[in-house]
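One letter stands for each residue in the lines below.
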Amino acid sequence: MAKNTPYESDRDLFSPNRNISPITSELDKQGRLMIGGCLLSKLAEGYGTPLYVLDEASLRASCIAYRDALKRYYPGSSIPLYASKANSSLVLSKIVADEGFGIDVVSEGELITALRGGVPGAKIVLHGNNKSDKELLMAYENGVTIVLDNHHDINRLAELIPQDKPPAELMLRFTPGIECHTHEYIRTGHIDSKFGFGLEELQEVFIKLKEANWARLNGLHAHIGSQIFELEPHRDLAIVMADVFQMARKLGHPVKDLNVGGGLGIRYVKSDDPPAIDSWIKVISSAVIDAFTSRSIDLPRLICEPGRSLVASAGVTLYKLGARKHIPGLRTYLSVDGGMSDNPRPITYQSLYSACLADCPMGLAEETVTIAGKHCESGDVLLKELSLPYSKNGDVLVVFGTGAYNFSMSSNYNRIPRPAAVIVKDGESELIQQREQPEDLLRYDLLPDRFSR
Ligand SMILES: Cc1ncc(COP(=O)(O)O)c(C=O)c1O
């Protein structure tokens, strides 16, 4: 490796979260873009558009990067969990479980997906600031660890768990008061957060839980945000968590798990410069080791919960270009056959993306366009100021970095069916999510009799 690069090692350079495109991206002889050995324009033709494409090799490479880094830098035991809110599906559950990950879920839907995807209950963690009784019971009955988020969770579990049954396996989430420089709406570690107990009430909560024979508190959880590029907040987090860990131990809880949440960012656009997975784990590990050894506490089992950095750059979305509107002196809108319903991040968080033409990814920029979605909302714009070669109606546009928080946040706004999704590997593609049909959207509509009389 060349000296004087900004990267510490090859591990930094090849970390999938530092690549805009999936790691298997290559050009065929005609210069057309292939991922996982599959020609993207062919996938678009065969499966239709919009189409989510998931590169299995990128996903597995990210899993391996997390797993190996934990082994390399953390001498205690550890387990990474996949935060399935990023993209929940049977196939994702199966792959991450194969790679030795557990899963973090936040709803009954994500929980049954993880269980049916083959993740054992003991490797699942249930989060949520307003869990239903059904969710709590389902988690308890499947041996899932429940993350206590507030007093409501404690009160409901106290009522739901029969006296003569084993205690619930628990973690406790608190807001560590650490603020990260990400977009306000995706910041959760801040003190003004709907998630978790406040630091000031923890002592009282630990005392209350000590008296509860239905409760077995195994560990602590905190999450300080998402799409984070800074490493410093994680050092601070380890210190705060070690203090709380010590408090829990002093109050009689034999806690052993320390769950530091997720949050590592990815490269959506060239100017993004996220740390590599390896560096993130290295900093977290050394911070936890320092914080715990300096307090003479034995090392906890280290748990982290990456979502975005595991799957975002493994995914791309294919769209077909349609209408073109040129406003002289202002801009050219190119409309695609999807938009805010399959990717609500730009309209919600003003998120930036990178894109190119599937069959001309290296073509010279001939015009600057704005990629508009097809929804009835003027803010439905996926990319502003995108430089492209001239394109024509029907050309396939590839938007990168859509593997996380796209399908999972998709909607049927304007009654637009959700796209299909395929997984690609070694030149083969397989459907992992069927395309919704307009008829599917009517499945739950009811017309009471009096309207047809
Ligand atoms: C509790 C918790 N854990 C993990 C994650 C995953 O975060 P990310 O996708 O940024 O890694 C989130 C996302 O907001 C979260 O709320």
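A brief look at the structure comes next. If you're wondering where the values come from, they're calculated on a predicted model, not measured in any experiment.

In this section: the overall build of the chain. Summing up its helical and strand segments, the chain has 12 helices and 21 strands in all. Radius of gyration (C-alpha) of the chain: 23 Å, near the 22 Å computed for a compact globule of 453 residues. If one aligns the C-alpha atoms of the chain with their principal axes, the spans along those axes are about 80 × 70 × 40 Å. In the chain, buried positions account for 47% of the 453 residues. Put simply, 71% of the contacts in the chain that link residues at least 6 apart link residues at least 24 apart.

The subject of this paragraph is the nonpolar core. Taken as a class, soluble globular proteins show a tendency for nonpolar side chains to be buried jointly. In this structure, Leu40, Leu220, Leu318 and Val398 are the most contacted members of the largest nonpolar core, which totals 121 residues. Domain assignment of the residues forming this core places at least three in each of domain 1 (10-55 + 313-442) and domain 2 (56-311). Residues within four places of Val398 in sequence aside, it is in contact with Leu33, Leu40, Val316, Leu318, Ala355, Cys356 and Ala358.

Another point: the site of the ligand. Taken together, 17 residues are adjacent to the ligand, and Ala83, Ser226, Gly262, Gly307 and Arg308 come closest. The class makeup of the residues in the shell around the ligand is four nonpolar, nine polar and four charged.

Taken together, three strands build an open sheet; the order of strands is 1-2-3 and the sheet is antiparallel. Of all the strands in the sheet, just strand 1 (26-27) and strand 3 (38-39) have a single pairing partner and so form its edges. As paired strands, strand 2 (residues 33-35) and strand 3 are joined by two bridges and run antiparallel to one another. When the sheet's bridge partners are listed, Ile35 is paired in strand 3 with Cys38.

Thresholds applied
Residues numbered from 1 in each chain as written. Predicted model: local features only at pLDDT ≥ 70, side-chain atom pairs only at ≥ 80, totals over all residues. Helix = DSSP H or I, 4+ residues; strand = E, 2+ residues; numbered from the N terminus. Rg over C-alpha atoms; globule rule 2.2 N^0.38 Å. Buried ≥ 20, exposed ≤ 12 C-beta atoms within 10 Å, placed from the backbone. Contact = placed C-beta atoms within 7 Å. Core = buried A, V, L, I, M, F, W, Y, C linked by C-beta atoms within 7 Å. Domains from an automatic or database assignment. Near = placed C-beta within 6 Å. Nonpolar A, V, L, I, M, F, W, Y, C, P; charged D, E, K, R; others polar. Pairing = 2+ DSSP bridges.

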